[in-house]
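# Overview (structure and organization)
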Amino acid sequence: MSYPGGATTSWAGRRRIELDSCASTNDAAAGLARDGAEHGTVVVAREQTAGRGRLGRTWHSPAGENLYLSLVVRPEVPAHAVPSITLAAGLAVIDAVNSAGVAASLKWPNDVLARGRKLAGILTEMSSRATSSAPPPLAGGGLGGGRSHRVEHVIVGIGVNLDTQVFPDELDRLATSLAIETGGPVDRAAFEAALLAGLSAWIDRWAAGGVAAIAEAWMDRARLGPVKVVDDGQVVEGEAVGLDGDGALIVIGEDGARRRVTAGDVVLAGEGR
Ligand code: BT5
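Anyway, here's the lowdown on the structure attached to this text. Predicted model only: the values in this text are computed from it and were never measured. (Residues numbered from 1 in each chain as written. Predicted model: local features only at pLDDT ≥ 70, side-chain atom pairs only at ≥ 80, totals over all residues. Heavy atoms only, no water.)

### Remarks on the sheet that holds strand β9 (residues 234–243)
Within the open sheet, the five strands sit side by side as β11-β10-β9-β8-β12. Their pairing is antiparallel. A strand with exactly one partner marks an edge of an open sheet, and here the two such strands are β11 (258–261) and β12 (265–268). Taking the axes of each pair of neighbouring strands and ignoring which way they run, one obtains an average angle of 45° across the sheet. Sheet topology places strand β10 (residues 249–253) next to β11; four bridges connect them, and they run antiparallel. Across the sheet, the residue bridging to Leu 249 is Val 261, located in β11. (Pairing = 2+ DSSP bridges. Helix = DSSP H or I, 4+ residues; strand = E, 2+ residues; numbered from the N terminus. Axes fitted to C-alpha atoms, helices over the stretch in contact; angles between N-to-C directions.)

Quick look at the structure:
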């Protein structure tokens, strides 16, 4: 596998903690990060009893079947730039999935799909702290922009369905696994090694050059085109055409207006939900 950025030292997974069971590897990794765990620490669990998606959703995490992995990252970027790390992680998942012989595509912001079904999901969480040089809230353009916050750590949580053959009813038509896609056994160690190498390379590229450095690769592998964006009860229909400089999805609405989507769920044309 080669990356446009050239050879990169693989740092993701230089410390690896394997748990039999935990509530969520993101929580376990965040706990370690708060205690000082170094950049590149990885937590992998055989089972999660409270695996999480975004917005409090559940991530189906049966024991022994799939990959539940969280990576501690300490990037030298401002807090407001962190969410787009999810796009870099998606590229790493795609590469690992491809190296297992399965074609897949990305759906903004955090889904990896095979034959239109969800094969993997990414949950990025951050801890940041206001810096002493932070401007007073009124001068800073309000709270929540995060521009004056220093990143303490970022947890990139990745769930990949490896061996699941039968999903619960509610996921039956939405989800798939590598085993279902290949019809054969999955080499778990090789998959994890490929994923960690990809995370090292793509996150380095993102940290050095921002979204601009990964946007073309991301768009090459993404499902764009007709979409419905659902955010907080609001629905926008249009054509997803690419990424903005900060990683927002650009959607041209039916009225011709260009919109930046920074949150919410994207439903692709023909997707079964
Ligand atoms: C995600 O959320 O896709 C992020 C999933 C991240 C999971 C990893 S596992 C390691 C780490 N530790 C954690 O606790 N989490 C991370 P979201 O976009 O909100 O999608 C959630 C939705 O995906 C659910 O509401 C279901 O519809 C669907 N889903 C749940 N479990 C699934 C599975 N195993 N495979 C495919 N789809 C699933």
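Read on for the rest.
### A short note on the site of the ligand
For the ligand, the set of nearby residues contains 26 residues, the closest of which are Ser 24, Arg 52, Arg 57, Lys 118 and Asn 161. One nitrogen or oxygen atom from the side chain of Lys 118 is found 2.7 Å from an oxygen atom belonging to the ligand. Asn 161 is positioned such that a nitrogen or oxygen atom in its side chain is 2.8 Å from a nitrogen atom of the ligand. Contact with the protein chains covers 93% of the free accessible surface of the ligand, which is 800 Å². Elements that contribute at least two residues to the shell around the ligand include exactly α1 (25–34), β3 (67–73), β6 (117–130) and β7 (149–160). Looking at the shell around the ligand, the element that brings in the most residues is β6, giving four residues. (Near = heavy atom within 4 Å. Polar contact = N/O pair within 3.5 Å; in protein donor to acceptor, adjacent residues only side chain to side chain. Areas by Shrake-Rupley, 256 points an atom, 1.4 Å probe, with all protein chains shown as cover.)

### Quick notes on α1
Listing the buried residues of α1 in full gives Thr 25, Asn 26, Ala 29, Ala 30, Gly 31 and Ala 33. The elements touched by buried residues of α1 are β1 (15–22), β2 (41–48), β3, β6 and β7. The backbone nitrogen of Asn 26 has a side-chain oxygen 3.1 Å away, supplied by the residue at the start of α1, namely Ser 24. (Buried < 20%, exposed > 50% of the residue type's maximum accessible area, 1.4 Å probe, protein only. Contact = heavy atoms within 4.5 Å.)

### Comments concerning the nonpolar core
In this structure, Leu 195 and Leu 199 are the most contacted members of the largest nonpolar core, which totals 63 residues. Ignoring any residue separated from it by four or fewer positions in sequence, one finds Leu 195 in contact with Leu 67, Leu 69, Ala 92, Val 93, Ala 96 and Ile 158. With seven residues, the next largest nonpolar core counts Ala 29, Val 43, Val 72 and Ile 155 among its residues. (Core = buried A, V, L, I, M, F, W, Y, C linked by side-chain atoms within 4.5 Å.)

### With respect to the environment of Leu 199
Take Leu 199: it is sitting in helix α4 (residues 188–209). With sequence-adjacent residues up to four places away left out, Leu 199 is seen in contact with Trp 11, Ala 12, Leu 69, Leu 71, Ala 89, Ala 92, Ile 158 and Asp 204.

### Observations concerning the side chain of Asn 66
Considering the arrangement of structural elements, one finds Asn 66 in the loop between β2 and β3. You can call Asn 66 buried: its relative accessible area is 1%. Reaching out from Asn 66, the side chain makes a polar contact with the side chain of Thr 164 at a distance of 2.9 Å. Residues within four places of Asn 66 in sequence aside, it is in contact with Val 160, Asn 161, Leu 162, Asp 163, Thr 164 and Arg 188.

Nothing here speaks to function; it is all geometry.
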